[in-house]
Amino acid sequence: MPAYEAADLHRAASAGVRAPSLHNSQPWLFRLSGGAVEILADPARSLPVADHGGWATRIACGAATYNARLALAAAGRPAAVRLHPSPGVIAHLSPKGSRPATYAEQELFDAIPRRYSNRGPFWPDPVPTDVRVRLIEAARDEGAWLDLLVGTTALSGFAEIAQSADRVLRRDTAYQEALAAWRDAVPVSAGAPLAEPQDLLPQRLFNDRRRSPARDYEPEPLIGILGSPGDLPVDQTLAGQALQKVLLTATASGLDTSMISQPIEVPAARDQLRRSLGRNGHPQIVVRFGYGTPGHPTPRRDLGPVLV
């Protein structure tokens, strides 16, 4: 099987760096090793206070892995994937033949540059049933699950958990100092406007901009809890791949998305969220879906520093 070369690495990394990450930390590295493309965690971009266990890094690197897979498939060189094959390596992508990209692969690859978190208010328009089904199937395709909350009771219960977790993090001085150190990673143009008392869900404080008049956050947002069967490092990386497929599926369907991580970052809140879902498995990230006014993407690192 022809080995991957420098051009393949560049192609994979160019797509990989467009993945989401906690506080836009972008904690990934890419290298060519024995004819394979490998994704590694970048220790210099870790968040030791907010992500002391490495969960967010593995989610982010999993999402970057999915983008890299799409880029290689779109070039006619799809990859076989091994997760955590050796210490320090998050994912190992080796060539598994040559074939044209499928329509689904090409559609999702084309969505990569259009996907970014929209932290502003969404319009109240409901997400159609067929789109909801595609989102659920996207997570399932990657070995994860996506529970879309239905009804005001489920939504109110989640909001209570999320707000409680946010209060815990706001009272944590070390966490807030660490968050402030990364604040420039999310520019004012990409941050959410200041929270208001009537808001259902918590917001990160990335700026002091107030929202436009009459632009309240949606009273009944579509919230999805994405989770995995297990909670080992490999399960979290798997969940990152599933997250990215869900986000790109949403983008290709005309939806905007943003992520809510506070209920996952606080162990007690995460356990409460898991029990509220009444299912086996472990929540890994929360996604808000809807239709919004076009926002602004966050900046990305140049390729030079992420290629090793």
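Anything mentioned here points back to the structure above.
Residues numbered from 1 in each chain as written. Predicted model: local features only at pLDDT ≥ 70, side-chain atom pairs only at ≥ 80, totals over all residues. Heavy atoms only, no water.

Trainee: In this structure, what is going on with the layout of surface pockets? I would like to understand it.
Mentor: Once rolled over the atoms, a probe with the size of a water molecule shows which space is left empty. Approximately 630 Å³ is the volume attributed to the largest pocket. Taken together, 39 residues line the largest pocket, and the ones lying closest to its centre are Ser-117, Arg-119, Ser-258, Met-259 and Ile-260. Elements that contribute at least two residues to the lining of the largest pocket include exactly α2 (55–74), β8 (256–260) and β9 (282–292). Element by element, the count of residues in the lining of the largest pocket is highest for α2, at four residues. Residue classes in the lining of the largest pocket are distributed as 21 nonpolar, 11 polar and seven charged. (1 Å grid on protein atoms, 1.4 Å probe; cavity = no way out; pocket = protein on both sides within 12 Å on 5 of 7 lines; lining within 4 Å. Points joined across faces, edges and corners; volume = space filled by probe spheres on them. Helix = DSSP H or I, 4+ residues; strand = E, 2+ residues; numbered from the N terminus. Nonpolar A, V, L, I, M, F, W, Y, C, P; charged D, E, K, R; others polar.)

Trainee: Can you help me understand the pattern of salt bridges in this one?
Mentor: Within the structure shown, the criterion is met by 13 salt bridges. In this structure, Arg-69 engages Glu-142 in a salt bridge whose closest nitrogen and oxygen atoms are separated by 3.0 Å. Residue Arg-69 is located in helix α2, and its partner Glu-142 is located in the loop between α4 (129–141) and β6 (145–148); the two are separated by 73 residues in the primary sequence. On the basis of relative accessible area, Arg-69 is assigned to the partly exposed category, the value being 21%. Asp-271 is the partner of Arg-274 in a salt bridge, and the nearest nitrogen-oxygen pair spans 2.7 Å. Remark: Asp-271 and Arg-274 occur in helix α9 (residues 267–277); sequence separation between them is three residues, near one turn of the helix. Accessibility expressed as a relative area gives 29% for Arg-274, which makes it partly exposed. (Salt bridge = Lys/Arg side-chain N within 4 Å of Asp/Glu carboxyl O. Buried < 20%, exposed > 50% of the residue type's maximum accessible area, 1.4 Å probe, protein only.)

Trainee: What should I look at first to understand unusual backbone geometry in this one?
Mentor: The general pattern is negative phi for most residues beyond glycine and trans for most peptide bonds. Of note, Gln-26 is a non-glycine position whose phi angle comes to about 50°, a positive value. Mapped onto the elements of the fold, Gln-26 is located in the loop between α1 (6–16) and β1 (28–33). With phi around 50°, His-84 is a residue other than glycine that occupies positive phi space. Relative to the elements of secondary structure, His-84 occurs in the loop between β3 (79–83) and β4 (89–95).

Trainee: For this particular structure, what's the right way to read the sheet that holds strand β2 (residues 36–41)?
Mentor: Adjacent strands of a sheet form backbone hydrogen bonds with each other and so pair up, either parallel or antiparallel. Taken together, the four strands give an open sheet; going across it, the order is β1-β2-β4-β3, and neighbouring strands pair in antiparallel fashion. Each edge of the sheet is formed by a strand with only one pairing partner; in this case those strands are β1 and β3. Pairwise comparison of adjacent strand axes, ignoring direction, gives a mean angle of 20° for this sheet. Where β2 meets β4, four bridges bridge the pair, whose relative direction is antiparallel. Bridge pairing in β4 links Ile-39 to Ala-91. Contacts from helix α7 (residues 233–252) reach β3 and β4 within the one sheet, and its direction differs from that of β3 by about 140°. (Pairing = 2+ DSSP bridges. Axes fitted to C-alpha atoms, helices over the stretch in contact; angles between N-to-C directions. Contact = heavy atoms within 4.5 Å.)

Trainee: What exactly am I supposed to notice about empty space enclosed by the protein here?
Mentor: Following the criterion strictly, the structure yields one cavity of 30 Å³ or more and no others. Of the volumes computed, that of the largest cavity is approximately 40 Å³. Lining of the largest cavity is provided by Ser-21, Leu-22, Ser-25, Pro-27, Leu-47, Asp-51, Ala-56, Thr-57 and Ala-60. Along the lines of polarity and charge, the residues of the lining of the largest cavity split into five nonpolar, three polar and one charged.

Trainee: What am I meant to see in the packing of α4 against α7 here?
Mentor: For any two helices packed against each other, one specifies the crossing angle of their axes together with the interaxial distance. Between α4 and α7, the shortest axis-to-axis distance is 8 Å and the interhelical angle comes to 155°. Classified by the interaxial angle, the pair formed by α4 and α7 is roughly antiparallel. Crossing angle aside, the handedness with which α4 passes α7 is right-handed. Within the contact between the two elements, α4 uses Arg-134, Leu-135, Ala-138, Ala-139 and Asp-141 and α7 uses Ala-242, Lys-245, Val-246, Thr-249 and Ala-250. (Parallel < 35°, antiparallel > 145°, perpendicular 65-115°, else oblique. Left-handed = near helix turned anticlockwise from the far one by under 90°.)

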